[in-house]
Amino acid sequence: MTQENFSGNGLSHLSTNYDNPANVHLVNYLEIPQLVIDYIRGRQAVLESLGKWEDRIVFTALDPTENIPPIFLLKHPLDVQAVWGKSASALDKTGPFYEAVRRFAGQGLFTMKEDETWQARRTVIGPHLQPKNIAAFGEDVDRLTNQMILQLRTGGVIHDVHTYIKTLSFQITVKTLLGVDAQTDEALRVADSLTKINAFIAANTLMAGLPEWFYRKAPAFLPSTRKAVETLDTYTRQVLSSPTACASPLLAHLIAYGPEQSSRLSEKDLHDEVVTILAAGHGTTASAIAFTLQLLAYPTNRHYQDVIRKDLKRGNKTGALRLVRNAFLEAMRLYPPIYMTSRETTEDIRVETPLGKLAIPKGSCVLISPYLTHRHPQFWTDPETFDPNRFEADRGEKIAYLPFGLGKRRCIGEHFAMNVGSVVLAKMLEQLEFSTDTFSPPLFISTLRPSSHLQLNVSRVE
Ligand code: HEM
């Protein structure tokens, strides 16, 4: 088989397509038991093992005649960019994870194929999340954050800080993007439903390959998942029947979109986009804020809180906000909410990077892991250390930083998340002091989130 021939798969095919085997870790079957043991210990242990291997990790079928597509995990940022930069026709959001998300979120911007409809939808939604429109949300973000701070100002040990942040993030998302006020208990109920659905999606992803009817019927037999699905569905319908929501700029634009009635979004399309905004927007932002607080609360990092407060007291708001933003970026480097994502190749792919040539056959699964790339020792000094000052220089220079993904499918809510995250954190740190001496390991579900046992000591700043 020549290097030009990409058909078929299996070890012989792969080995003839690499001219620089030093960068490839072709997973040896003797290594699988260790990965299974790691998996039982937790997904972080699996990632730690994968982090020690070469930059290109390839899993292939035990029996090459079985025609099971290989899985490529790419860690080096230049490989990631080269493959993710491929045209829409080469990569698709298919595979077990995206199938599982589609069962709940339908066909929204996150799950759609990269076609004309996706492009048009992105053109409608995108501008509403750009800095010039986000500025108008400031008052609501301030008001809702102050409301939450009042609850925390009683001080003491706050159990599950993440829940407070998740509720706030939900309230901010629905108020600013969908024009809806959500009371704390309602926000918590819907946000919790999304967390349960998230866990179910993670389980579905792992149980890939079963008949479709199994996944469709399964929630009916799991009361808490069924209730979560019903809650999300009822809430989404409620949003779509609310006059204030339909008059909100983003939703009004989506409803009116299309030159003719026939090209307008159907009720189902609108439902799926609302679910997408709820699901993609609030949980990721909440995790990133909570991780930042957790990291700043450790004894080795508490001095950053002092610097932020001093700057705010002295009226140096720009300096304070810059450090808050850097801490937020650094927290997402260590704990990127989307710690792994995947694509399926719809054609044979060939790229050449400084690591050598890389050939990925059609039908392969390609994984990238911001969690692993963010710890790549060639690009990050002392990668395990929390150091917000890494981001003092423009982060655009950091090619090994991809918490919001990359390429055409890069996160559409990046500016919104950066803005909300920085404002919420600055307000919280101005009025409250956070500390903890215990490390609560993060949870790797379908997204990365802080432990539900996260406890922080909170005291008022006098
Ligand atoms: C800290 C917060 C956030 C993080 C870390 C994050 C991360 C990401 C990542 C990594 C992707 C790319 C996934 C892939 O290529 O497979 C993505 C896509 C997306 N995100 Fe975010 N996100 C955040 C906040 C938001 C917010 C606030 C919204 C909306 C309000 C949002 C909506 C979306 C959508 C719709 C997509 C799909 C875009 C497309 O495929 O065209 N995200 N996000």
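Please refer to the structure higher up on the page.
Residues numbered from 1 in each chain as written. Predicted model: local features only at pLDDT ≥ 70, side-chain atom pairs only at ≥ 80, totals over all residues.

Colleague: Help me get a handle on the site of the ligand, residues and values and all.
Modeller: Taken together, 23 residues form the shell around the ligand, and within it G281, T284, G405, C411 and G413 come nearest. Looking at the shell around the ligand, the elements that each hand over two or more residues are α15 (267-297) and α19 (414-431). For the shell around the ligand, the element with the highest residue contribution is α15, accounting for seven residues. Here the residues of the shell around the ligand are counted per class, giving 14 nonpolar, seven polar and two charged. (Near = placed C-beta within 6 Å. Helix = DSSP H or I, 4+ residues; strand = E, 2+ residues; numbered from the N terminus. Nonpolar A, V, L, I, M, F, W, Y, C, P; charged D, E, K, R; others polar.)

Colleague: I'd like to hear about the sheet that holds strand β10 (residues 432-435), residue by residue, with values.
Modeller: Through backbone hydrogen bonds, the strands of a sheet pair up, either in parallel or in antiparallel fashion. Spatial strand order, β5-β13-β10: three strands in an open sheet with antiparallel pairing. Lying at the two open borders of the sheet, with one neighbouring strand each, are β5 (156-159) and β10. Strand after strand, the sheet turns through a mean of 35° between neighbouring axes, direction not considered. Two elements, β10 and strand β13 (residues 455-460), share four bridges in a ladder whose sense is antiparallel. The residue of β13 that forms the bridge with S435 is N457. (Pairing = 2+ DSSP bridges. Axes fitted to C-alpha atoms, helices over the stretch in contact; angles between N-to-C directions.)

Colleague: So, the pairing of strand β3 (residues 71-74): which residues are in play, and what are the values?
Modeller: On a regular strand, one side chain projects to one face of the sheet and the next to the other, so that they alternate. Bridge analysis of strand β2 (residues 56-59) against β3 gives four bridges, and the strand direction is antiparallel. The residue of β3 that forms the bridge with F59 is I71. Strand direction decides the pairing type here: β3 and strand β9 (residues 365-368), joined by four bridges, are parallel. Paired with L73 across the two strands is L367, which belongs to β9.

Colleague: So, the packing of helix α12 (residues 223-240) against α15: which residues are in play, and what are the values?
Modeller: Between α12 and α15, the least distance of the axes is 10 Å, while the angle of their chain directions is 110°. The orientation of α12 relative to α15 falls into the category roughly perpendicular. Helix-helix and strand crossings are classified by hand; for α12 and α15 the assignment is right-handed. Every residue of α15 that contacts α12 at L232, T236, V239 and L240 is listed here: L270, H271, V274 and V275. Split into classes, the residues belonging to the contact of α12 with α15 amount to six nonpolar, two polar and no charged. (Parallel < 35°, antiparallel > 145°, perpendicular 65-115°, else oblique. Left-handed = near helix turned anticlockwise from the far one by under 90°. Contact = placed C-beta atoms within 7 Å.)

Colleague: Outline the nonpolar core, supporting the account with residue identities and numerical values.
Modeller: Soluble, globular proteins show a tendency: their nonpolar side chains are buried together. Of all hydrophobic cores here, the largest spans 90 residues; its most connected members are L178 and V324. Membership of the second largest hydrophobic core comes to 15 residues, among which are F59, L73, W84 and L358. (Core = buried A, V, L, I, M, F, W, Y, C linked by C-beta atoms within 7 Å. Buried ≥ 20, exposed ≤ 12 C-beta atoms within 10 Å, placed from the backbone.)

Colleague: Explain the environment of Y235 to me, using residue names and the numbers behind them.
Modeller: By secondary structure assignment, the location of Y235 is in helix α12. Separated by 40 residues in sequence, Y235 and V275 have C-alpha atoms that sit 9.4 Å apart.

Colleague: Requested: an account of the packing of helix α8 (residues 138-152) against α19, with residues and values cited.
Modeller: Viewed as axis vectors pointing N to C, α8 and α19 meet at an angle of 40°, and their least axial separation amounts to 10 Å. Judged on the interaxial angle alone, α19 and α8 are oblique. Note on packing geometry: the crossing formed by α8 with α19 is right-handed. Residues V141, T145 and I149 of α8 form the contact with α19, whose own contacting residues are V420, V423, V424, K427, M428 and Q431.

Colleague: Pulling in residues and values, what's your account of the sheet that holds β2?
Modeller: Taken together, six strands build an open sheet; the order of strands is β1-β2-β3-β9-β6-β4 and the sheet is mixed. Every other strand in the sheet has two partners, leaving β1 (24-26) and β4 (91-92) as the edge strands with one partner each. Pairing analysis gives three bridges linking β1 to β2, with the strands arranged parallel. When the bridges of β2 are listed, V24 appears paired with R56.

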